[in-house]
Amino acid sequence: MENRTKKLEYYMCLFLYALKDKEIYRNTLFRYVYIYDVVSDYLGDYEKINDIFIIDKDLGINNVFALTEALNEINTRDYINISVSFQITVKEELVKYINSIINISNLKIKKDLNRIMYFTEIISSYNEDVILAAFFSEPNVEDTITRGKKEINLTNNKLKKLFLKFENVAKTEFNNNLDKYDVFSSWLDYVFEEYLKEKKI
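Here, residues in each chain are numbered from 1, in the same order as that chain's written sequence. Side-chain atom pairs in this predicted model are given and counted only at pLDDT of 80 or more, local residue features only at pLDDT of at least 70, and totals for whole chains, interfaces and linings cover all residues. The side-chain values count all of the structure's non-hydrogen atoms but skip hydrogen atoms and water molecules.

Some words on the pattern of salt bridges
Pairs can form between side chains of opposite charge whenever their charged atoms are close. For clarity, the threshold we go by: Any carboxyl oxygen of Asp or Glu within 4 Å of a side-chain nitrogen of Lys or Arg constitutes a salt bridge here. Secondary structure elements follow DSSP: runs of H or I no shorter than four residues count as helices, runs of E no shorter than two count as strands, and numbering proceeds from the N terminus.
Using the criterion set out here, one finds twelve salt bridges in the structure. Residue Arg77 is joined to Glu9 by a salt bridge in which the shortest nitrogen-to-oxygen separation is 2.3 Å. You can see Arg77 sitting in the loop between helix 3 (64–76) and strand 4 (80–82) and its partner Glu9 sitting in helix 1 (residues 2–18), a full 68 residues away along the chain. Between Arg77 and Glu73 there is a salt bridge, with its nearest N and O atoms 3.9 Å apart. The network of salt bridges with shared partners includes Lys7, Glu47, Lys108 and Asp112.

Now the structure itself:
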C-alpha cells in the first residue's frame, strides 16, 4: 500500500507540475490520472499507475481514497494549496522539487514528465464538463457501471480496443496512418461533439 501511495504521489506531482499554469480542480485532476492510465495502455511503453480502478459513479472519479491520500501528502509538503472549492494552486516549492529531480539526469523522470506534459496539453484544452463526459463515455467505465460493478481491471482494456479499431479503419479504408495521439484527440473531439449535441437538446 505504501509503495502504491508513493507511486501516486510521484505521478500526481508530475501532473501538477505540467498543469502549474492552468486552473485545475481536484476531481478533474483525478479524472486526468485515470484517462492517462487507460490511454497510455494504448500508447504503449509506460508504467501503470494503477492496476485496479474503483469507480465512484456519483463523483465521476476513480480510486478516490487512494488519490486523495496521495494529494493530501503532497499538500503536507507545502507543494500545493487546495481551496474550499477544491481548486489546486501549485506552489513554487513543487516546481523547484520537480526541477531538482529532473536535473539529476534521471531518464525515466524526464520521459514520464515529457509524456504527461504532452498528454495534459491535449486534454486540458477541453473544459471540465467535457472531461467529465469523457470519463463516463470511456468504454471501461460505461461497461462497469452498466453491469452494476465498481472495479475495473485493464487486462481487457475496452478503450484500447476501440482505439486500435479506429486506427485500423483509418489505415485500411482511408489509407491514413494516424499518430496514436491523433487517435486519442479524435476520441476527445467526438466526446466534445456529443457533449455539444446534448446541450442543444
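Overview of the sheet that holds strand 1 (residues 24–25)
Selection rule: Only strands that DSSP links by at least two bridges are regarded as paired with each other. Note on contacts: a residue pair qualifies if any of its non-hydrogen atoms lie within 4.5 Å across the two residues. Each axis is a line fitted through C-alpha atoms, taken for helices only over the stretch in contact, and angles between the N-to-C directions span 0 to 180 degrees.
Taken together, the three strands give an open sheet; going across it, the order is 1-5-4, and neighbouring strands pair in antiparallel fashion. In this open sheet, the two strands that pair with only one neighbour each are strand 1 and strand 4. Bridging between strand 1 and strand 5 (residues 87–90) involves two bridges; their strand directions are antiparallel. Residue pairing across strands places Tyr25 opposite Gln87, the latter belonging to strand 5. Along the sheet, helix 3 makes contact with strand 4 and strand 5, crossing strand 4 at roughly 120°.

Re the packing of aromatic side chains
Put simply, the rule is: The pairing test for Phe, Tyr and Trp rings, Trp by its six-membered ring, is centres within 6.5 Å, and the orientation test on the planes gives stacked under 30 degrees, edge-to-face over 60, and tilted for anything in between. Only protein chains enter the accessibility calculation, which uses a 1.4 Å probe; a residue whose area is less than 20% of its type maximum is buried, one above 50% is exposed, and one in between is partly exposed.
Summed over the entire model, instances satisfying the criterion amount to 13 aromatic pairs. Here the aromatic rings of Tyr36 and Phe119 are separated by 5.2 Å at their centres, their planes lie at 80°, and the arrangement is edge-to-face. You can see Tyr36 sitting in helix 2 (residues 26–43) and its partner Phe119 sitting in helix 5 (residues 107–123), a full 83 residues away along the chain. Both residues of the pair, Tyr36 and Phe119, belong to the buried class.

Notes on the nonpolar core
Applied cut-off: Residues belong to one nonpolar core when they are buried, are Ala, Val, Leu, Ile, Met, Phe, Trp, Tyr or Cys, and are joined through side-chain atoms within 4.5 Å.
Judged by nonpolar contacts, the single largest core of 64 residues is most densely connected at Leu29, Ile35, Leu94 and Phe184. It is helix 2 that provides the largest number of residues to this core, a total of eleven residues. Aside from chain neighbours lying at most four places away, what touches Leu94 is Cys13, Leu16, Tyr17, Ile74, Tyr79 and Ile80.

Some remarks on the side chain of Asn27
In this fold, Asn27 is placed in helix 2. Given the relative accessible area of 19%, Asn27 is considered buried. Dropping the residues within four chain positions of it, Asn27 is found in contact with Leu59 and Ile61.

Some details on the environment of Lys165
The residue Lys165 is located in helix 8 (residues 158–174) in this model. Lys165 sits in the exposed class, given a relative accessible area of 60%. Along the backbone, Lys165 and Ser137 are 28 residues apart, and their C-alpha atoms lie at a distance of 17 Å.

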